[in-house]
Amino acid sequence: MSQVHLQLVDLCVSFNGFRAVNNLNLSVNKGELRCLIGPNGAGKTTALDLICGKTRALSGEIRLDGRNLAAMEDYQIARAGVGRKFQVPSVFRQLTVRDNLEVALCRKPGVMANLFRGGRSGEGLEHLAEFVGLADQLDEPAANLSHGQTQWLEIALLLAQDSELILLDEPTAGMTAQETRKTADICNRLKGKHTIIVVEHDMGFVRDIGDVLSVMHQGSLLAEGTADEISANERVREVYLGSMGIHGA
Ligand SMILES: Nc1ncnc2c1ncn2[C@@H]1O[C@H](COP(=O)(O)OP(=O)(O)OP(=O)(O)O)[C@@H](O)[C@H]1O
């Protein structure tokens with residue numbers, strides 16, 4: 001039976017009286033990849049901000065394996081296993097890919113880090129680089145990486161830190177079609193090993209990776225289902241996808 005990993009219960013936040021997240025309820029199972037979609041301003045990024053502690057909830061609960069994250073500081077939430085990839089990457093540009101990974105592996109000597117470290121020194125780091133397609137760039141400064149490669153490095157840094165729950169905010173923004181396909185492949189290979197929430201507008205990508213899609217509108221959950229179910233949902237078409245559904249978005 002599936003085990004609930006993350007649960008948002010009646011979550012609310014206001015900015016100057018405006019309810020950006022309004023009684024949001026969401027439940028994500030362990031090892032699941034959930035896509036969070038919806039129109040601009042629906043509150044998707046704010047929901048990720050609340051989960052990782054960047055923004056404090058006005059009310060409601062954020063339960064990770066039953067622990068209430070809403071009462072924790074952002075560093076405690078990171079330590080509890082929540083990793084967030086922001087739209088702007090936060091890699092050390094002057095360091096090589098290898099050094100970036102080394103720093104991340106040193107920060108968190110947990111299960112996944114040890115797994116990727118492998119038996120011999122450096123072996124796991126190379127495994128991690130290979131996993132995200134950067135094995136040939138290990139000795140390149142991060143500043144020399146392409147836009148797509150930089151995004152993949154950041155995903156590798158989250159893996160190195162043992163984040164059980166990974167939050168990806170528009171991971172394919174600015175990517176070429178080929179880079180987007182590669183990112184979908186990375187996401188698909190992470191399924192079952194990590195719980196992942198992906199905020200995206202690229203519906204082709206969402207269709208490639210998302211088993212279940214949650215649609216937000218005006219701070220709340222509007223609909224939830226498979227890509228086909230969401231594509232056929234009249235209300236979702238009205239507020240977000242348009243008359244063609246996912247195929248036309
Ligand atoms: N720190 C803030 N201060 C004031 N208003 C904010 C703040 N953060 C978000 N908002 C507002 O909250 C609403 C939700 O924003 P959010 O970025 O979460 O939407 P989104 O669904 O991620 O949109 P997009 O798809 O365009 O990224 C917007 O109206 C936004 O202007």
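Basis of the calculations
Residues numbered from 1 in each chain as written. Predicted model: local features only at pLDDT ≥ 70, side-chain atom pairs only at ≥ 80, totals over all residues. Pairing = 2+ DSSP bridges. Helix = DSSP H or I, 4+ residues; strand = E, 2+ residues; numbered from the N terminus. Near = placed C-beta within 6 Å. Nonpolar A, V, L, I, M, F, W, Y, C, P; charged D, E, K, R; others polar. Axes fitted to C-alpha atoms, helices over the stretch in contact; angles between N-to-C directions. Contact = placed C-beta atoms within 7 Å.

Participant: Lay out the pairing of strand β1 (residues 4-15) in plain terms, naming residues and giving numbers.
Facilitator: Here β1 pairs with strand β2 (residues 18-29) via eight bridges, running antiparallel. Across the sheet, residue V13 finds its bridge partner in β2, namely V21. What sits between β1 and β2 in their antiparallel hairpin is a turn of two residues, with N16 showing a positive phi close to 50 degrees. Pairing analysis gives five bridges linking β1 to strand β4 (residues 59-64), with the strands arranged antiparallel. Paired with V9 across the two strands is E61, which belongs to β4.

Participant: Now, about the site of the ligand: what can you tell me, with residues and values included?
Facilitator: With respect to spatial proximity, the complete set of residues near the ligand consists of F15, A20, G38, N40, G41, A42, G43, K44, T45 and T46. The element best represented in the shell around the ligand is helix α1 (residues 44-52), accounting for three residues. Of the residues that constitute the shell around the ligand, the class distribution is three nonpolar, six polar and one charged.

Participant: Summarise the environment of L190; cite the residues concerned and give the values.
Facilitator: Mapped onto the elements of the fold, L190 is located in helix α7 (residues 177-190). Once the C-alpha coordinates of L190 and L222 are considered, the two residues, 32 residues apart in sequence, prove to be 27 Å apart.

Participant: Which residues make up the sheet that holds strand β8 (residues 195-199), and what are the values?
Facilitator: The sheet built from six strands is open, its strands ordered β6-β7-β8-β3-β9-β10 with mixed pairing. Two strands close off the open sheet at either side, each with one partner strand: β6 (82-85) and β10 (220-225). Going across the sheet, the axis of each strand differs from the next one's by a mean of 20 degrees, ignoring polarity. Packed onto the sheet, α1 meets β3 (33-37), β6, β7 (165-169), β8 and β9 (212-217) and runs at close to 150 degrees relative to β7.

Nothing here speaks to function; it is geometry throughout.
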